[in-house]
Amino acid sequence: MGIRSMNEVGMQPEDVAQKLRDGMTKGVLSFPLTSLRDDGSLDLDAYRTYLTAQLANAPGMVFPACGTGEFFSLDEEEYRAVVRVTVEVADGRLPVVAGIGYGWSQALRFARIAQEEGADALLVLPHYLVGAPQDGLVEQLRRIAAGTRLPLIAYQRDQVTFGADALRRIAGIPTVVGLKDGHSDLDRLQRLTLAAPDGFLFFNGAATAEMQARAYATVGVPAYSSAVHAFAPEIAKAFFTALRAGDDEAVNKLLRVFYVPLVELRDRVPGYAVSLVKAAARLRGLPVGPVRAPLTDPSPADLADLEKVLDAGLNLVGAVRRVN
């Protein structure tokens, strides 16, 4: 086995940031599903099998136990196990960025677990429930940064929105290396990219990010997360390749045939942004299991529509549905 992680060899935040930057240019950002048994318990053997297949499809970096991985449903020991297996499977080949969240005190508990298990960096998911002023958002990150040596990527979506002044302040925290955006307000995002210091990282974290990937790139944010990579890496890679090559015809065809119908299906029911991804992975024979409550698996009618959308996308890139 090689070096398990950059954390393990004591790399400095700026060195890890460079590794993240390199990964952003190589492939999509992978947010793997967390494998569960039918009774809702964690299935680590299945997760290892699933993740091995995911990483064989060359993402730029991997983000375990984040939104797609149902972070909000994992207890601390389950979280520890998921991060540990991810670091082992990644084996130093690409950066591992683990999700943390809730209030800063609880986020630090997860941060310390991720650090102990060899994660390279942390994605700070939006805090729980309440809105907060800009000073509070900055202080939240300061307190998390004070409790872990791992580099942090802030995530703005839902009740978390940074202004330009707050962005400059968090960028001044030595271990805060980037921002993931889920608001898709390109005017605001352009102001943030212009306010940020050189080298600060930005990520497109919109729901089904491929839908807005071209628009994000025009304001200097070409890197994006891909939930599709969690169940159809062939489609995700084809889109990434076409986008980077400037092949608008191929990009438009993938959007029209696959991504737009997927988004329309996703918008039918709250939580389908995760539930449909897991259902699509199961349709391909991947060992991911069901979602945990409060999410629900798709209805039979929606599952039938998902099959049609999935088959159309796979046919377009010359792939077959069953992967095992």
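Residues numbered from 1 in each chain as written. Predicted model: local features only at pLDDT ≥ 70, side-chain atom pairs only at ≥ 80, totals over all residues. Heavy atoms only, no water.

### A short note on the overall build of the protein
And then number 1: Within the protein, the secondary structure is distributed over twelve helices and eight strands.
And then number 2: Taken over the C-alpha trace, the protein has a radius of gyration of 18 Å; the compact-globule value for 324 residues is 20 Å, and the two agree within 12%.
And then number 3: The C-alpha extent of the protein, read off along each of the three principal axes, is 50 × 40 × 40 Å.
And then number 4: With 34 positive and 38 negative side-chain charges, the protein shows a separation of 1 Å between the mean positions of the two kinds. (Helix = DSSP H or I, 4+ residues; strand = E, 2+ residues; numbered from the N terminus. Rg over C-alpha atoms; globule rule 2.2 N^0.38 Å. Lys, Arg positive; Asp, Glu negative; His and termini not counted. Charge placed at Lys NZ, Arg CZ, Asp CG, Glu CD.)

### Quick notes on the environment of A242
And then number 1: Within the fold, A242 resides in helix α9 (residues 233–245).
And then number 2: Given a relative accessible area of 7%, A242 falls into the buried group.
And then number 3: As for A242 and R112, which are separated by 130 residues in sequence, their C-alpha atoms are 39 Å apart. (Buried < 20%, exposed > 50% of the residue type's maximum accessible area, 1.4 Å probe, protein only.)

### Digging into the layout of surface pockets
Take a probe with the size of a water molecule and roll it over the atoms, and the empty space left behind shows itself.
And then number 1: Of the voids in this model, the largest pocket is the one considered here, and its volume is about 960 Å³.
And then number 2: Around the largest pocket, the lining is made up of 38 residues, and of these G67, T68, Y155, R157 and V274 lie nearest the centre.
And then number 3: Broken down by element, the lining of the largest pocket gets its largest block of residues, five residues, from helix α11 (residues 272–283).
And then number 4: The class makeup of the residues in the lining of the largest pocket is 24 nonpolar, ten polar and four charged. (1 Å grid on protein atoms, 1.4 Å probe; cavity = no way out; pocket = protein on both sides within 12 Å on 5 of 7 lines; lining within 4 Å. Points joined across faces, edges and corners; volume = space filled by probe spheres on them. Nonpolar A, V, L, I, M, F, W, Y, C, P; charged D, E, K, R; others polar.)

### A few points about the packing of aromatic side chains
And then number 1: Per the stated rule, a full pass over the model turns up twelve aromatic pairs.
And then number 2: With a centroid separation of 4.9 Å and 65 degrees between ring planes, the pair formed by F71 and F110 is classed as edge-to-face. Of the two residues, F71 is situated in the loop between β2 (61–62) and α3 (76–90) and F110 in helix α4 (residues 104–116); the sequence distance between them amounts to 39 residues.
And then number 3: Using a relative accessible area of 4% as the deciding quantity, one classes F71 as buried. (Phe/Tyr/Trp six-rings, centres within 6.5 Å; stacked < 30°, edge-to-face > 60°.)

### Concerning helix α10 (residues 248–266)
The α-helix winds at 3.6 residues per turn, so residues separated by three or four positions along the chain end up facing the same way.
And then number 1: A maximum bend of about 45 degrees is found in α10 at L255.
And then number 2: Looking only at α10, the buried set comprises V251, L254, L255, F258, Y259, L262, V263, L265 and R266.
And then number 3: Looking at the buried residues of α10, the elements they touch are α8 (213–218), α9, α11 and α12 (300–316). (Bend = angle between axes of the 7 residues up to and from the residue. Contact = heavy atoms within 4.5 Å.)

### Details of the sheet that holds β2
And then number 1: Overall, parallel pairing links the three strands, which are arranged β2-β1-β8 in an open sheet. Lying at the two open borders of the sheet, with one neighbouring strand each, are β2 and β8 (225–226).
And then number 2: As defined by bridge partners, strand β1 (residues 29–30) adjoins β8 across two bridges and the pair is classed as parallel. Bridged to S30 within β8 is S226. (Pairing = 2+ DSSP bridges.)

### Let's talk about the packing of α4 against helix α5 (residues 134–146)
And then number 1: Contact geometry of α4 with α5 gives a least axis separation of 9 Å together with a crossing angle of 35 degrees. Every pair of crossing elements has a handedness; the one defined by α4 and α5 is right-handed. Contacts between α4 and α5 involve W104, A107 and L108 from the former and Q140, R143 and I144 from the latter.
And then number 2: When the residues that make up the contact of α4 with α5 are grouped by side-chain class, the tally is four nonpolar, one polar and one charged. (Axes fitted to C-alpha atoms, helices over the stretch in contact; angles between N-to-C directions. Left-handed = near helix turned anticlockwise from the far one by under 90°.)

### So, empty space enclosed by the protein
And then number 1: On inspection of all chains with the given rule, the structure shows one cavity of 30 Å³ or more.
And then number 2: Estimated volume of the largest cavity: approximately 90 Å³.
And then number 3: For the largest cavity, the full set of lining residues is V124, L125, P126, H127, L137, Q140, L141, A154, Y155, V160 and F162.
And then number 4: Residue assignment for the lining of the largest cavity shows that the elements contributing at least two residues are α5 and β5 (152–156).

### Comments concerning the pattern of salt bridges
And then number 1: In the structure shown here, the tally under the stated rule is 22 salt bridges.
And then number 2: Ionic pairing is found between D267 and R266, a salt bridge with its closest N-O pair at 3.0 Å.
And then number 3: Overall, R266 belongs to the buried group, its relative accessible area being 17%.
And then number 4: Among the salt bridges present, the one from R282 reaches D297, with a minimum N-O distance of 3.5 Å. Pair noted here: R282 is in helix α11 and D297 is in the loop between α11 and α12, with a separation of 15 residues, a long-range link.
And then number 5: Salt bridges here are not isolated pairs; linked through shared partners, they connect E77, R80, R84, E116 and E117. (Salt bridge = Lys/Arg side-chain N within 4 Å of Asp/Glu carboxyl O.)

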